[in-house]
Amino acid sequence: MTAKGYWIAHNVVHDAEAYDKYRAANAATLAEYGAKFLVRGGTQELREGAWNNRTVVIEFASYADALACYESKGYQAAKALRDAVADGNLIIVEGYEG
(Lines give C-alpha, C1' and ligand atoms only; values in the text may rest on other atoms or scores of the structure.)
Protein backbone atom coordinates (compact mmCIF):
# COMPACT_ATOMS: atom_id res chain seq x y z
CA MET A 1 0.00 0.00 0.00
CA THR A 2 1.24 3.48 -0.87
CA ALA A 3 1.74 5.94 1.98
CA LYS A 4 -0.59 8.92 2.02
CA GLY A 5 0.69 12.40 1.35
CA TYR A 6 -0.04 15.56 3.33
CA TRP A 7 0.17 19.29 2.91
CA ILE A 8 0.82 21.01 6.20
CA ALA A 9 0.60 24.79 6.10
CA HIS A 10 0.68 27.53 8.65
CA ASN A 11 -0.20 30.97 7.42
CA VAL A 12 -0.98 34.51 8.42
CA VAL A 13 -3.88 35.86 6.37
CA HIS A 14 -3.78 39.62 5.81
CA ASP A 15 -7.03 39.96 3.82
CA ALA A 16 -9.74 37.41 4.66
CA GLU A 17 -12.01 38.43 1.77
CA ALA A 18 -9.25 38.00 -0.81
CA TYR A 19 -8.17 34.74 0.87
CA ASP A 20 -11.69 33.41 0.31
CA LYS A 21 -11.11 33.93 -3.43
CA TYR A 22 -8.01 31.71 -3.16
CA ARG A 23 -10.02 29.01 -1.36
CA ALA A 24 -12.71 29.14 -4.05
CA ALA A 25 -10.09 28.99 -6.80
CA ASN A 26 -8.31 25.94 -5.38
CA ALA A 27 -11.46 23.89 -4.68
CA ALA A 28 -11.74 22.18 -8.09
CA THR A 29 -8.05 21.28 -8.24
CA LEU A 30 -8.03 19.87 -4.71
CA ALA A 31 -11.14 17.82 -5.53
CA GLU A 32 -9.51 16.56 -8.74
CA TYR A 33 -6.61 15.17 -6.68
CA GLY A 34 -8.86 13.68 -3.99
CA ALA A 35 -7.75 16.08 -1.26
CA LYS A 36 -9.37 15.79 2.16
CA PHE A 37 -9.11 18.57 4.73
CA LEU A 38 -8.16 17.23 8.16
CA VAL A 39 -7.51 20.66 9.69
CA ARG A 40 -8.74 23.92 8.19
CA GLY A 41 -8.10 26.83 10.50
CA GLY A 42 -9.79 26.27 13.82
CA THR A 43 -8.72 26.91 17.37
CA GLN A 44 -5.09 26.22 18.13
CA GLU A 45 -2.78 26.77 21.06
CA LEU A 46 0.95 27.18 20.57
CA ARG A 47 2.96 25.21 23.13
CA GLU A 48 6.50 25.34 21.69
CA GLY A 49 8.42 27.42 19.18
CA ALA A 50 6.90 29.93 16.79
CA TRP A 51 3.88 29.38 14.58
CA ASN A 52 1.44 31.40 12.50
CA ASN A 53 -2.21 31.73 13.44
CA ARG A 54 -3.80 29.56 10.70
CA THR A 55 -2.98 25.87 10.31
CA VAL A 56 -4.20 23.65 7.47
CA VAL A 57 -3.60 19.91 7.00
CA ILE A 58 -4.75 18.29 3.76
CA GLU A 59 -4.57 14.54 3.11
CA PHE A 60 -4.02 12.93 -0.30
CA ALA A 61 -4.18 9.25 -1.26
CA SER A 62 -0.43 9.30 -1.95
CA TYR A 63 2.66 11.46 -1.65
CA ALA A 64 2.80 11.54 -5.47
CA ASP A 65 -0.75 12.94 -5.60
CA ALA A 66 0.14 15.61 -3.04
CA LEU A 67 3.14 16.70 -5.13
CA ALA A 68 1.21 16.58 -8.42
CA CYS A 69 -1.61 18.69 -7.03
CA TYR A 70 0.79 21.37 -5.81
CA GLU A 71 2.59 21.46 -9.15
CA SER A 72 -0.61 21.50 -11.23
CA LYS A 73 -1.51 24.54 -13.31
CA GLY A 74 -4.83 24.84 -11.47
CA TYR A 75 -3.25 25.02 -8.04
CA GLN A 76 -0.46 27.34 -9.14
CA ALA A 77 -3.07 29.76 -10.50
CA ALA A 78 -4.92 29.67 -7.16
CA LYS A 79 -1.65 30.01 -5.23
CA ALA A 80 -0.94 33.28 -7.05
CA LEU A 81 -4.09 34.68 -5.40
CA ARG A 82 -2.93 33.52 -1.95
CA ASP A 83 0.61 34.84 -2.33
CA ALA A 84 -0.72 38.40 -2.49
CA VAL A 85 -2.74 38.19 0.75
CA ALA A 86 -1.04 35.67 3.07
CA ASP A 87 2.40 34.75 4.36
CA GLY A 88 3.37 31.37 5.67
CA ASN A 89 4.95 27.99 5.15
CA LEU A 90 3.85 24.81 3.45
CA ILE A 91 5.47 21.39 3.54
CA ILE A 92 4.46 18.30 1.61
CA VAL A 93 5.21 15.18 3.61
CA GLU A 94 4.81 11.44 3.14
CA GLY A 95 2.67 9.72 5.76
CA TYR A 96 3.93 7.01 8.08
CA GLU A 97 2.84 3.47 7.34
CA GLY A 98 4.31 1.88 10.52
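Before any of the text, the structure's been laid out above.
Here, residues in each chain are numbered from 1, in the same order as that chain's written sequence. Per-residue local features are limited, in this predicted model, to residues with pLDDT of at least 70; the limit for side-chain atom pairs, both in listing and counting, is 80 or more; totals at the level of whole chains, interfaces and linings are taken over all residues. Just so you know, side-chain values use all the structure's heavy atoms and leave hydrogens and water out.

Caption draft 1: Representation of the overall build of the protein in the model. Where helices and strands are cited, they refer to DSSP runs of H or I of at least four residues and of E of at least two residues respectively, numbered from the N terminus. Across its full length, the protein holds three helices and four strands. The secondary structure elements of the protein, listed N-terminal to C-terminal, are β-α-β-β-α-α-β. Against the globule reference of 13 Å for 98 residues, the protein gives a C-alpha radius of gyration of 14 Å, in line with a compact fold. Taking all contacts inside the protein whose residues are at least 6 apart in sequence as the whole, residues at least 24 apart take part in 77%. Every accessible area reported is derived by Shrake-Rupley at a probe size of 1.4 Å, with residue values counting cover from the shown protein chains alone. When the accessible surface of the protein is totalled, it reaches about 6200 Å², and 52% of it is carbon and sulfur. The globule rule is 2.2 Å times the number of residues to the power 0.38, and the radius of gyration it is compared with is taken over C-alpha atoms. Residue contacts are counted whenever heavy atoms from the two residues lie within 4.5 Å of one another.

Caption draft 2: Structural context of the pairing of strand E3 (residues 54–60). The buried fraction of E3 is high, at seven of seven residues. Of the two faces of E3, the one carrying Arg54, Val56, Ile58 and Phe60 and the one carrying Thr55, Val57 and Glu59 are both buried. Between any two strands, pairing holds if DSSP finds at least two bridges. Relative to E3, strand E1 (residues 5–13) is paired through seven bridges, and the arrangement is antiparallel. Residue pairing for E3: glycine 5 is matched across the bridge by phenylalanine 60. The pairing of strand E2 (residues 36–40) with E3 spans four bridges and is classified as antiparallel. Of the residues in E3, the one forming a bridge with valine 39 is valine 57. Burial here depends on accessible area, computed with a 1.4 Å probe over protein chains only, as a share of the maximum for the residue type. Under 20% is buried, over 50% is exposed, and the range in between is partly exposed.

Caption draft 3: Seen up close, the sheet that holds E2. If you walk across this open sheet you meet the four strands as E2-E3-E1-E4, and the pairing is antiparallel. Sheet topology places E2 and strand E4 (86–94) at the edges, where each strand pairs with a single neighbour. Mean inter-strand twist for the sheet, computed between neighbouring axes without regard to direction, equals 15°. All axes are obtained by fitting lines to C-alpha atoms, using only the stretch in contact for helices, and the reported angles, taken between N-to-C directions, cover 0 to 180 degrees. Across the sheet, helix H2 (residues 63–71) is in contact with E1, E3 and E4; its angle to E4 comes to roughly 150°.

Caption draft 4: Highlighting helix H3 (residues 73–83). All buried positions along H3 are accounted for by Tyr75, Ala78, Lys79 and Arg82. Relative to the axis of H3, the buried residues are bounded by an arc of 110° and lie together on one face. Residues of H3 that are buried in the fold lie against E1, helix H1 (16–32), H2 and E4. The arc in question is the one spanned by the directions pointing from the helix axis to the C-beta atoms.

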